[in-house]
Amino acid sequence: MGITSKTFIVLLALVALALFALTVWLWPKLAPATPRAICGRVALLVSSQLLVLSVAAVFANAYFGFYTSWSDLFGSGSQRYHVNDKGAVAANVNASQLTSGSTSGLITTTTLTGLRSGITARLRVYVPPHPPQSYPAIVVDATGQQSAAAEAAALSNAARPVQALVVIVDTANGSTIPCTDQPGGAQGGQFWSQDLRSAIAAHYAVGLSASDWGALGTGPDSACALEFALADSTRYSAAAAISPTPAAANPASTVTNPTSASFNPAWWLATYPAPPSRILLAGVSGPPDSVLGHVRPPLQTTVSGNTDTQSALSWLAQTLQGVKS
């Protein structure tokens, strides 16, 4: 009979009830003030109280699972454990996230199925024509603009090749990938920070340190790029935001916890310490504070009126190479 079984709990409760009835029945007979009667009353009271407490303790143990067996309670169970060796994790587990793709010129189109997030995305990977032994990686979020094809073509036809691996991310069905994990929804945070980076690093000569990775976004897509460089600076050390949303236009730009699902850099920088990241704000006429709020060291910002994507990619490549050196 187990310590957590219903039979044991019910039996113990019946014994406690029977002792309570016996106490009520014997109490008048133990009323005289004799030593024997007094000892009897004390014995009945102590026994009934102990049984009631025991019922309560056993019921609580069965509910919360403090002890699962008698040997566990009395410490007489075996303390030896057997560990099954399942072997080492496969060396290509991260590389297996990418399926074989097609190559056209400098662009390889492939599909990534996130090992951790479960998100499927289409990648257009640009490798510079004369890559060094190792090079930085730039992630371009094109899920909202659906401009991946045009950006890939521009990279292939650029007069001055970008000296970085460029990963243009979009989805076949036109859906966006959130910047962070959504409760009960898409695990965007795991996709951008783990699945994408580990899969690319397993296929190309790219490291996994923050100094190897930057992000670029245009318009609404720039929110993720800014979030990576600010809130995930241990994985992304630089970002370029082309035509980002001004802080004054952000419905959650006040120094309060934003209710908007989109990332609010002004609120973030007012709440958390500034990271040692580098950010380019392209197509912005005002100071960096007009987009990011209160900018302070070690965060470094550059403002440019140029909205050309190739210029932003070149800035990121040079910035990341400078961080690596």
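This text goes with the structure placed above it.
Undergrad: So what exactly am I meant to see when it comes to the pattern of salt bridges here?
TA: Side-chain pairs of opposite charge can arise whenever the charged atoms involved come near each other. Taken as a whole and assessed by the stated rule, the structure comprises four salt bridges. With a closest N to O distance of 2.9 Å, D170 and R122 form a salt bridge. Taken together, the residues span a long stretch of sequence, with D170 in strand β5 (residues 165-170) and R122 in strand β3 (residues 120-126) at a distance of 48 residues. Between D170 and R124 there is a salt bridge; the shortest N-O distance is 3.3 Å. Here D170, found in strand β5, pairs with R124, found in strand β3; they are 46 residues apart in sequence, far enough to count as distant. Each member of the pair, D170 as well as R124, is classed as buried. One connected set of salt bridges, linked through shared partners, spans R122, R124 and D170.

Undergrad: Which parts of the structure should I look at to understand helix α1 (residues 6-26)?
TA: Residue pairs spaced three or four apart in an α-helix point in one direction, given the helix's 3.6 residues per turn. Look at α1: 30 Å from first C-alpha to last across 21 residues, which is about the 30 Å you get at 1.5 Å a residue. The complete set of buried residues in α1 reads F8, I9, L12, A16, L19 and T23. The buried side chains of α1 occupy one side of the element, clustering within an arc of 100° when seen end-on. Turned more than 90 degrees from where α1 packs its buried face, K6, T7, L14, L17, V24 and W25 sit exposed. The secondary structure elements touched by the buried residues of α1 are α2 (35-64) and α3 (70-74).

About the criteria used
- Residues numbered from 1 in each chain as written.
- Predicted model: local features only at pLDDT ≥ 70, side-chain atom pairs only at ≥ 80, totals over all residues.
- Heavy atoms only, no water.
- Salt bridge = Lys/Arg side-chain N within 4 Å of Asp/Glu carboxyl O.
- Helix = DSSP H or I, 4+ residues; strand = E, 2+ residues; numbered from the N terminus.
- Buried < 20%, exposed > 50% of the residue type's maximum accessible area, 1.4 Å probe, protein only.
- Expected span 1.5 Å × (residues − 1).
- Arc of directions from axis to C-beta.
- Contact = heavy atoms within 4.5 Å.

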